[in-house]
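What follows is the residue order along each chain.
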Amino acid sequence: MADKLLSVETVDVGYGHVGVIENLSLAVPKGAVVALVGRNGAGKSTLLRAVSGLLTPSKGRIVFDGRDIGRAKPHAIVDAGLLHVAEGRRLFRSQTVDDNLELGAYGTSLSKADFAGRVERVHELFPILKEKRHDLAGALSGGQQQMLAIAQAMMRDPKLLMLDEPSLGLSPLLVDQVFAAILSLRGSGTTILLVEQLVERALEIADAAYVMQNGRVIANGPAAEIAKSEALKTAYMAV
Ligand SMILES: Nc1ncnc2c1ncn2[C@@H]1O[C@H](COP(=O)(O)OP(=O)(O)OP(=O)(O)O)[C@@H](O)[C@H]1O
C-alpha cells in the first residue's frame, strides 16, 4: 500500500452549531486519484473545505504530508502543497489568462525559468489557454474557465489537488478534456481528490473511491468495486 499523503481521521465538521460531517475517516495514497461521491448535500464540499482550512473540524485530525493541518490557516495549507479548486471557478475575471496564471504562482518565489516551465506544462495540457493567453478570464467559456482554474492551481505544482465538481456545466467534449487533464496530472505524479457528480466517469479514472451519505462514509474501496456496489446505488437512491 502506497504512503498516505492525506489522512482524515474521525473528523466532525459543521457550520456553527449545525453538524454536517460525522466521524469521517478517509485516506488518499500518494500518486492516486481518489473519488469522493454521493448525492447533493452529502457533505463532500464541506469535507474539502475542512481539508483546505476554510472550516475547522470540531473533532478528529487531518494529516497532510506527515503534518496535522486540522487547525492550520488556509494559506499555510496552500504553502504546504495542498490546493483546492472549489466549485464555481474563482478566477480574476477582469485579468487576462496569463495574469491569472501569474497570480496562481503569487508568493512562490519561483525562478523565471521554473515559472516558464510551469506555464509551458499548463499550455501542453490545455492548449486553448495558450491560444487565449491575452484574453480576459471572464470572457472565456465555462469549460475554458474550469481549465484555467485547474491551471492556476497547477502553477504551485501541488502535491495534492482537490477538485470540486470540475465537470459542472461543461459540454461533453470539454468534460472529456478535463478528465484527460486529470489523468495527465496523475501521470506526472500529482495526487488528486476528486468530487464529481458524473459518478461513472469519476470511478472510471479513479484508483479508489469513497461513497458519502448524510455526512458519513458508507463504503470505500477500489473504484472498480465501488462502481458495482450496492452502497453506491443506496447512496443515490436515498432521499
Ligand atoms: N455555508 C453553509 N452554511 C450552512 N450549511 C451549509 C453551508 N454549506 C453547506 N451547508 C449544508 O451542509 C450540508 C452538506 O453540503 P455540501 O455542500 O457539503 O454537500 P455536497 O455533498 O458537496 O453537495 P453539493 O454537490 O450539493 O455541493 C448540506 O445540508 C448543506 O445544506
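Anything mentioned here points back to the structure above.
The following refers to the structure shown.

About the cut-offs
Residues numbered from 1 in each chain as written. Predicted model: local features only at pLDDT ≥ 70, side-chain atom pairs only at ≥ 80, totals over all residues. Helix = DSSP H or I, 4+ residues; strand = E, 2+ residues; numbered from the N terminus. Pairing = 2+ DSSP bridges. Axes fitted to C-alpha atoms, helices over the stretch in contact; angles between N-to-C directions. Near = placed C-beta within 6 Å. Nonpolar A, V, L, I, M, F, W, Y, C, P; charged D, E, K, R; others polar.

1. Looking at unusual backbone geometry
- With a phi close to 45°, Thr10 is a non-glycine residue in the positive phi region.
- With respect to the helices, strands and loops of the structure, Thr10 is situated in strand S1 (residues 4–15).
- We note that Asn214 has phi near 45°; this positive angle belongs to a residue other than glycine.
- Turning to its location among the elements, Asn214 is positioned in the loop between strand S9 (208–213) and strand S10 (216–222).

2. Let's talk about the sheet that holds strand S3 (residues 33–37)
- Ordered by their spatial adjacency, six strands build an open sheet running S6-S7-S8-S3-S9-S10, and the pairing between neighbours is mixed. The strands lining the two open edges of the sheet, one partner per strand, are strand S6 (82–85) and S10. The average undirected angle you get between the axes of adjacent strands in this sheet is 15°.
- Here four bridges tie S3 to strand S8 (residues 191–195), and the two strands are oriented parallel to one another. From the neighbouring strand, Ala35 faces S8, where its bridge partner is Leu194.

3. Overview of the site of the ligand
- Looking at the ligand, the residues that line it are Tyr15, Val18, Val20, Gly38, Asn40, Gly41, Ala42, Gly43, Lys44, Ser45 and Thr46.
- Listed by contribution, the elements that provide at least two residues to the shell around the ligand are strand S2 (18–29) and helix H1 (44–51).
- With three residues, H1 is the largest single contributor of residues to the shell around the ligand.
- A per-class count over the shell around the ligand returns four nonpolar, six polar and one charged.

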